[in-house]
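Structural description and commentary
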Amino acid sequence: MTPARQNPALAALLIFAASALLAGTTLLAKALGTDALGPPLHPMQISHGRFLFAFLVIISAVAILRPQLKRPHWGLHIGRSSFGWLGITLMFASVAYIPIADATAISFLNPVFAMVLAIPLLKEGVGPWRWLAAAVALVGALILLRPTPASFQPAALLALTAAAVIGMELIFIKKLSGREIPIQILLVNNAMGLVIASVAVIAVWQAPTSEQWAALAGIGALMACAQACFVNGMARADASFVAPISYATLVFAAFYDFLVFDVIPDRISLIGSLTILTGGLILVWREAVRRPK
């Protein structure tokens, strides 16, 4: 497969679009998990809709593009899909109870957890700067948890657990990178995620309203498009260039939450989010410095 031509401007536009689309999925998940569109749906039913409709979008793209597929590495895909399903389900559960911006900010701990997990699982070394980035980001998460009896947000622990689980998913993604083409990875991941979600949803299934079906379809379509934009954006510029742009997801999440649910981030949300972003940017900067020229 011919590598995509480097185009930083297009890469930035694609990552920016991916951020807007990804924030849109959390907005729809919040609407489905509350009574905005009818009786609240269980997070496992929301994640089932996400995998169902994303799979339909991706399989349609495969049918049109007809990429050359090869035998998947089933073990890695099973691990990646299992952790991915659990992580997104926990994330969807959290946004029903806490501001979307808070949950999104906590989700930026994914690479931090992946960094820590890479030490025992990938035998990677971690220097002082990367530990500093992790410490700063975790302090931001602690701020967002509001650890006082009067303001503690138990639901924020769902987002924190989701970040840790998705950090584990990133380990499997890293192992898969280079072994298979991106569209095959997306196809297999969403197919396996759909199987897992279809089994899990049986116990909590309830008939969605027509508005909820539309929102479920929207989550799947937005997620598939966000993944496509992100993968193509990453292929057209260095990771150190595009990674900070993905933090625009937080801005979109806060804007959507205000526009639809009239939620305005308070001072604690702003301080915690900025602290996590600082930790993430330190990590991105350090990775750029360490990368061979």
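It should be noted that the structure appears before, not after, this text.
About the thresholds
Residues numbered from 1 in each chain as written. Predicted model: local features only at pLDDT ≥ 70, side-chain atom pairs only at ≥ 80, totals over all residues. Heavy atoms only, no water. Helix = DSSP H or I, 4+ residues; strand = E, 2+ residues; numbered from the N terminus. Buried < 20%, exposed > 50% of the residue type's maximum accessible area, 1.4 Å probe, protein only. Contact = heavy atoms within 4.5 Å. Expected span 1.5 Å × (residues − 1). Salt bridge = Lys/Arg side-chain N within 4 Å of Asp/Glu carboxyl O. Axes fitted to C-alpha atoms, helices over the stretch in contact; angles between N-to-C directions. Parallel < 35°, antiparallel > 145°, perpendicular 65-115°, else oblique. Left-handed = near helix turned anticlockwise from the far one by under 90°. Nonpolar A, V, L, I, M, F, W, Y, C, P; charged D, E, K, R; others polar.

**Observations concerning the side chain of Ser-94**
For Ser-94, the position within the fold is in helix H3 (residues 74–95). When its relative accessible area of 0% is taken as the criterion, Ser-94 is described as buried. Residues within four places of Ser-94 in sequence aside, it is in contact with Ala-103, Ala-155, Leu-158 and Ala-159.

**A word on helix H9 (residues 210–234)**
Between its terminal C-alpha atoms H9 stretches 36 Å, which fits the 36 Å expected from 25 residues at 1.5 Å a residue. Among all positions in H9, only Gln-212, Ala-215, Leu-216, Gly-218, Ile-219, Gly-220, Met-223, Ala-224, Ala-226, Gln-227, Cys-229 and Gly-233 are buried.

**Here we look at the pattern of salt bridges**
Close approach of charged atoms lets side chains of opposite charge pair. Scanning all chains against the criterion turns up four salt bridges. A salt bridge links Arg-80 to Glu-169; the nearest nitrogen and oxygen atoms lie 2.8 Å apart. Of this pair, Arg-80 sits in helix H3 while Glu-169 sits in helix H7 (residues 154–176), and the two are 89 residues apart along the sequence. For Glu-169, a relative accessible area of 9% translates into the label buried.

**Some details on the packing of helix H1 (residues 8–33) against H9**
Relative orientation and spacing of two packed helices are given, respectively, by the angle between their axes and the distance between those axes. Contact geometry for H1 and H9: axes closest at 8 Å, N-to-C directions at 155 degrees. Considering the angle they form, H1 stands roughly antiparallel to H9. Between H1 and H9 lies a crossing of left-handed hand. The residue inventory of the contact of H1 with H9, partitioned by class, reads 20 nonpolar, six polar and no charged.

**Here we look at the environment of Gly-79**
Tracing the backbone through its elements, the reader meets Gly-79 in helix H3. Residue classification places Gly-79 among the buried positions, given a relative accessible area of 10%. Along the primary structure Gly-79 and Ile-171 are separated by 92 residues, whereas in three dimensions their C-alpha atoms are 9.4 Å apart.

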